[in-house]
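Spelled out from the first residue to the last, the chains are:
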Amino acid sequence: MALFSQTSQQGFQALLWKCHMFWPVLRCRQLFAASFSIPTREKINCFSFMTSSSAAVPVDPKEADVLPTKKKSEVDCREGKEWDEETKEIPEGKFHFSSSLGAAKSWSTSRVQSRHRFSNVQPPEKPLQAEEWNKLREDFQLPGIFEEVMLNSMIRCNSPVDVAKSLLTHLAKRNGDIAYNVLVKYLTLCVHQGQVSEIRDVYDIMKGRFKILESGAYNLLIKGLSNSDQWRMALTLLEEVKKIMIPSRTCYESCIKAASCHQEMKLAFELYNEMLAKGVVPTLDVLQSFFYFSRGMKDAELQKELFGILLYLRENQIYPHKTFMRSIKLWFESIPGETWKGRLTKIKDSGQCPVCNHQLEDSNLTEEEYSNLSERITRDVIHGTDTFRKTSPKEFEAFQAFVESRLPFDIVIDGLNVSHIKPRKMQCENLFDAVNCLAKENARLLVLGRKHMLTNSSNWKREIMKEMQNKAEFFFAENISEDDAFLLYATLRSGKHCKFVTRDFLRDHKACLSDSLTRHLFRKWQRGHQIVFFPSAEGRSINFLPALRYDCVVQTTGDTWHIPYKDVFEEKYSYQVPRNWLCIQQK
């Protein structure tokens, strides 16, 4: 198949060789980061690419190991498209640039800003001849970035590949080369459209020109090939990536989905366990795919691996969204020779499942667990982090003395956090509403405030503050102080019964704990002690959901599974735990 409409593939590659497309190393180092997007039906994923002195290094034409041209075909994997529609991908991590690339990065920033000015440029609807491209370029305000802007618009508008081909052919004939980032943009368009033959052609060309490709190009190549009948070539590329870097999540998950789609579940789980071992965090998308493609299979090892994913959700307090939950339910019910049945439910306040009558795990820690957790948080979180960068030891000692003289409290409130719950109301009114609601049952309240709350202002009225202080104890820290440490200390010192109110997820503090067991205990303690609050539908009051008596994580007894799930996909962790559950039991 021709890479360009005017030439055969062999003719195009010959044109590249003839045009001296092998750049000197210095020029490679000056290549800038090119940002572009792959549109989908729901969203646009942005990728960044960078060529450095150690990536995309030109090779001698005589040494180039170009793959032989073969006849290629493509296959449409419906399941793969469904994943993109049902869940969102979590963005990849940021790329890190060396100081030697500072100038290139600065130049890149200005070019990116220039490109944004032309985001509405419309590409032609059909391939153009050289003179037509020249005319468009001459009429463009910034001819130096014309090709870049035009390819971006082709990606955005999902233009026919033949249109992009005609532009690249024109570039090769006019300039004697095609820039690396331009090839990657063309590759982006091909991947989005599933043009497997073109993806192979671009790979052949890039490997002929460069010994090593950068991670962005590998992401695209593996993603494009994995969703085709050439998917095993994606595995080959993955092995190539492993020799030079830790493969990205996109690389791993593309290969995992391809193997799963072709019923090679053992291979899929080998890749999954490998990515976990390398510290690459999987998305819910790929975890769901394991259950989706394992339906109807009878395999003890496969079942063990899938149970392992459910335990992974438990260990990391991950709540599947409704689509993921359905895949789990259908897999259980499809296991040959077994009689699993799943039903959706809401757990009673007592912790009993109304479907199977099973009592869920208690959210309370044992005395020994609580004592150990309290000691570790005091050592690793309160005294072992950067608490005293914003809080003086003298102030925290004063707070400790304040707490010790007034123990115990029933509820500790992050006053500043709660005060922002309804932005259209005065902050002191928000806090006043919360204190009034929580003090109804004669609970002993401690409100952690800031000293600026004592200054009469538009948000903090002195008379309201005085009224609140009649219903709760207040400690006013310095305005720059780190109040999370105060919150944790007061809650833990008050005993196992004490709850706390904040919308923070406290992820940073969990990360400070040195071992997985303590982190697990911290999350369990948090789930059972953090009171959730949100504005009412009409926005006039604050609603509170009491902390749960049962633990809101995936649970199993062997013949039952209870899985909490959320109605919608959430990319970020949330301090709110779901109230919806899937109960699966074996009849």
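This text goes with the structure placed above it.
Within every chain, residues take consecutive numbers counted from 1 along the sequence as written. This being a predicted model, a pLDDT of at least 70 is required before a residue's local features are given, and a value of 80 or more before pairs of side-chain atoms are given or counted; all residues contribute to the totals for chains, interfaces and linings. Note that water and hydrogens are dropped before the side-chain values are worked out from all heavy atoms of the structure.

Enquirer: Tell me about the sheet that holds strand S7 (residues 499-501), residues and numbers included.
Expert: Working definition: the strands of a sheet are paired by backbone hydrogen bonds and lie parallel or antiparallel to each other. Only when DSSP finds a minimum of two bridges between them are two strands counted as paired. Going along the chain from the N terminus, every DSSP run of H or I of four or more residues is numbered as a helix, and every run of E of two or more is numbered as a strand. A sheet is described by the order of its strands in space; here six strands give the open sequence S6-S5-S4-S7-S8-S9, paired in mixed fashion. Across the chains shown, the open sheet's two edge strands, defined by having one partner strand only, are strand S6 (473-477) and strand S9 (542-545). Strand-to-strand twist of the sheet, defined as the mean angle between neighbouring strand axes without regard to direction, takes the value 25°. Inspection of the sheet shows strand S8 (residues 530-535) paired to S9 by four bridges, in the antiparallel sense. When the sheet's bridge partners are listed, Pro535 is paired in S9 with Ile542. Whether two residues are in contact is decided by their heavy atoms: any pair within 4.5 Å suffices. Interaxial angle, 0 to 180 degrees, is taken between N-to-C directions of lines fitted to C-alpha atoms, where a helix line uses only the stretch in contact. Its contacts with the sheet put helix H21 (residues 427-438) on strand S4 (411-414), strand S5 (445-450), S6, S7 and S9, and the angle it makes with S9 is roughly 45°.

Enquirer: Outline the packing of helix H14 (residues 284-293) against helix H16 (residues 322-334), supporting the account with residue identities and numerical values.
Expert: Close contact between H14 and H16 brings their axes to 8 Å; oriented N to C, the two are set at 20°. Judged on the interaxial angle alone, H16 and H14 are roughly parallel. You can see that H14 and H16 cross each other, and the crossing is left-handed. When H14 is examined against H16, the residues Leu284, Leu287, Gln288, Phe291 and Tyr292 are found in contact with a partner set consisting of Thr323, Phe324, Ser327, Ile328 and Trp331. Here the angle decides the label: under 35 degrees means roughly parallel, over 145 means roughly antiparallel, 65 to 115 means roughly perpendicular, and every other value means oblique. Should the near helix be turned counterclockwise from the far one by less than a right angle, the crossing is left-handed, whereas a clockwise turn marks it as right-handed.

Enquirer: Describe the nonpolar core, naming the residues involved and giving the relevant values.
Expert: Leu213, Leu287, Phe290, Leu310, Ile328 and Phe332 are the most contacted members of the largest nonpolar core, which totals 89 residues. Sorting elements by how many residues they give to this core places helix H8 (residues 180-193) first, with nine residues. Phe290 has contacts with Ile256, Ser260, Met265, Ala268, Phe269, Tyr272, Leu306 and Ile309, leaving out every residue within four places of it along the chain. In this structure, Ile377, Phe486, Cys498 and Leu506 belong to the second largest nonpolar core, which totals 30 residues. What makes a nonpolar core is a set of buried Ala, Val, Leu, Ile, Met, Phe, Trp, Tyr and Cys residues whose side-chain atoms join them at distances within 4.5 Å. For each residue, the accessible area found with a 1.4 Å probe, counting protein chains only, is set against the maximum for its type, and the residue is called buried under 20%, exposed over 50%, and partly exposed in between.

Enquirer: Outline the pattern of salt bridges, listing residues and values.
Expert: Every case where a carboxyl oxygen of Asp or Glu lies within 4 Å of a side-chain nitrogen of Lys or Arg is listed as a salt bridge. A complete count under the given rule lists 23 salt bridges for this structure. A salt bridge links Lys451 to Glu478; its shortest N-O distance comes to 2.8 Å. Pair noted here: Lys451 is in the loop between S5 and helix H22 (462-469) and Glu478 is in the loop between S6 and helix H23 (483-494), with a separation of 27 residues, a long-range link. The exposure class assigned to Lys451 is partly exposed, which follows from its relative accessible area of 39%. Of the residues examined, Glu478 reaches a relative accessible area of 37% and is grouped as partly exposed.

Purely geometric stuff here, so don't read any function into it on its own.
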